[in-house]
Amino acid sequence: MKPHALVAHPDNAIVWHEDQLFLLDQRALPAETRFVVCENAAETAHAIKDMVVRGAPAIGVTAAYGVVLSVRDHFQRSPADWRPGVDQDLKVLAAARPTAINLFWALERMRELLDQLDQLDPVPALLIEALRIHREDVAANQAMGDLGAALIEGTTDVITHCNAGALATGGYGTALGVVRSAHAAGKIGRVYADETRPWLQGSRLTAWELDQSGIPVTVQADNVAASLMARGGIGWVIVGSDRIAANGDVCNKIGTYGLAVLARYHGVRFMVAAPTSTIDLSVARGADIPIEERAADEVLSCGGMPVGPEGVSAHNPVFDVTPAELVDVIVTERGVIEQPNAEKVAALMAQH
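Residues numbered from 1 in each chain as written. Predicted model: local features only at pLDDT ≥ 70, side-chain atom pairs only at ≥ 80, totals over all residues. Heavy atoms only, no water.

Looking at the packing of helix α5 (residues 123–151) against helix α6 (residues 175–184)
Axis separation between α5 and α6 bottoms out at 7 Å; the angle between their running directions is 65°. For the crossing formed where α5 meets α6, the hand is right-handed. On α6, the residues that touch M144, G145, D146, G148 and A149 of α5 are G177, V178, S181 and A182. Looking at the contact of α5 with α6, its residues break down into 4 nonpolar, 4 polar and 1 charged. (Axes fitted to C-alpha atoms, helices over the stretch in contact; angles between N-to-C directions. Helix = DSSP H or I, 4+ residues; strand = E, 2+ residues; numbered from the N terminus. Left-handed = near helix turned anticlockwise from the far one by under 90°. Contact = heavy atoms within 4.5 Å. Nonpolar A, V, L, I, M, F, W, Y, C, P; charged D, E, K, R; others polar.)

This is the structure:
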C-alpha cells in the first residue's frame with residue numbers, strides 16, 4: 001500500500017504535494033523524521049549539496065522538480081523573459097553534486113523539453129515531465145528488484161554498503177530494491193549493513209529503511225566485512241552506483257572498491273543495481289569520473305563531536321571506483337550484464 005504523501009516512509013524521500021516539493025531530511029534520520037520544503041531552485045540545489053537528499057537517482061528526480069520550481073518562479077516574475085533566470089538556475093542545480101550522473105541526465109531531459117516550449121505557461125508541461133521521471137524511476141527500481149532477485153539462488157545473507165534503497169531513489173530502491181524483492185521471495189536471511197563512514201548512511205538510513213520494511217538487518221562497522229565473509233554464509237554483496245563508465249567500471253560510495261576486493265577473495269558474488277540513467281557512455285573508464293571531495297570535518301567529527309585532533313588534515317573522497325573485472329553482474333531495468341565490459345554495456349544501452 002502506498003504511504004500517505006507526507007508520512008515519513010522510505011518510499012517518501014521525495015514528495016510533490018499540493019504544488020510544493022517536500023524532501024524527507026535524511027540528515028536527521030533515524031532520530032527525527034521531518035520534511036524540508038523547497039520553494040525555488042536555489043533551495044533545491046542547497047538541499048542536494050547539503051545531503052538533505054542523496055543517492056544518484058533521488059538527486060536526479062529532485063533536480064527535475066527543481067527545474068519546475070525555477071520556471072514557476074521566473075515565469076511568475078517575468079512572463080515575457082523568464083528563460084535567462086532559468087538558465088542560471090540550471091547551472092546552480094548542475095553544480096550541486098559533481099559525481100552523480102543522474103543529476104545531469106535529469107537536467108538535460110528537462111532542458112530538452114524547455115527548448116520545445118513556447119511563451120505560454122510552461123509549468124504544467126514541465127511538472128508532467130518531472131512526475132514522469134519520478135514514476136519511471138520507481139518502475140525501473142521494481143524491475144531491477146525482480147531481475148536481481150532472480151539471480152539469487154537459495155537463501156543467503158548479504159552485505160550492502162551505504163544506502164541504495166528507496167531513500168536514495170524515487171522509491172523502492174536499487175540495491176535494496178533487489179533485497180526487498182529477494183526477501184519477498186524467501187531468498188534473504190539477513191542483511192549486514194556497513195555503517196558507511198563518515199556520513200553513516202548504512203547505520204542511519206539503510207538499517208532504518210530495512211527495519212521499516214520488516215527485513216532482518218544487522219549493522220556492522222565497515223572493517224568487519226572481511227571477517228564476516230571469512231566466516232561463511234554471505235552469498236552476495238549488493239550495492240548501488242552513482243555513475244557507471246562505458247567499460248563497466250562502477251563509481252559508488254567510498255569503501256565499495258574494498259568490498260569488491262574482499263568479495264572476490266572470499267568467493268562472494270558482487271552485484272551492482274543501478275538504472276541505465278546511471279550509465280555514462282561519455283566516460284570511457286572509471287578513472288575519468290570526477291570524484292567529489294568533501295570537508296575534512298566530516299571525517300574528524302562524528303555526531304557533532306570531534307574525533308580527531310584540531311588542525312590535522314583529513315582525506316575525504318566521497319566515492320571510489322570498482323573496476324569492472326571485480327563486478328559479477330550489473331542489474332538495470334533493461335536487463336542484466338554478467339561480467340561487464342565495454343561491449344556488453346554498449347549492447348545494453350543500444351536497446352530501446
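Back to the text.
Observations concerning the pattern of salt bridges
Two side chains with opposite charge may pair up if their charged atoms get near one another. Evaluation of the coordinates by the stated rule reveals 16 salt bridges. For R27, the salt bridge goes to D25, with nearest N and O atoms at 2.8 Å. Classification of D25 as buried rests on a relative accessible area of 0%. As a salt-bridge pair, E338 and R269 come within 3.3 Å of each other at their nearest N and O atoms. (Salt bridge = Lys/Arg side-chain N within 4 Å of Asp/Glu carboxyl O. Buried < 20%, exposed > 50% of the residue type's maximum accessible area, 1.4 Å probe, protein only.)

Examining the pairing of strand β4 (residues 156–160)
β4 sits mainly inside the fold: 4 of its 5 residues count as buried. Pairing between β4 and strand β5 (residues 188–194): 4 bridges, direction parallel. Across the sheet, the residue bridging to V158 is V191, located in β5. In this fold, β4 hands off to α6, which returns the chain to β5; that crossover is right-handed. The sheet contact formed by β4 and strand β7 (residues 234–239) spans 3 bridges and is parallel. The partner of D157 across the bridge, within β7, is I234. (Pairing = 2+ DSSP bridges. Right-handed = clockwise from strand over helix to strand, strands pointing away.)

Describing the side chain of R180
Among the structural elements, R180 can be located in helix α6. On the basis of relative accessible area, R180 is assigned to the buried category, the value being 18%. In contact with R180, other than residues within four places in its own chain, are D11, A166, Y172, S213 and I215.

Side note on the sheet that holds strand β3 (residues 35–38)
Read across the sheet, 3 strands follow the order β1-β2-β3 without closing on themselves; strand pairing throughout is antiparallel. Strands at the two margins of the open sheet, each flanked by one partner only, are β1 (14–17) and β3. Here the strands of the sheet are splayed against their neighbours by 30° on average, with no regard to which way each runs. Sheet topology note: the β1/strand β2 (residues 20–24) ladder contains 4 bridges and is antiparallel. Bridging from a neighbouring strand, V15 pairs with F22 of β2. Against the sheet, helix α1 (residues 41–49) touches β2 and β3, its axis set at about 145° to β3.

Worth remembering: the numbers are spatial, not functional.
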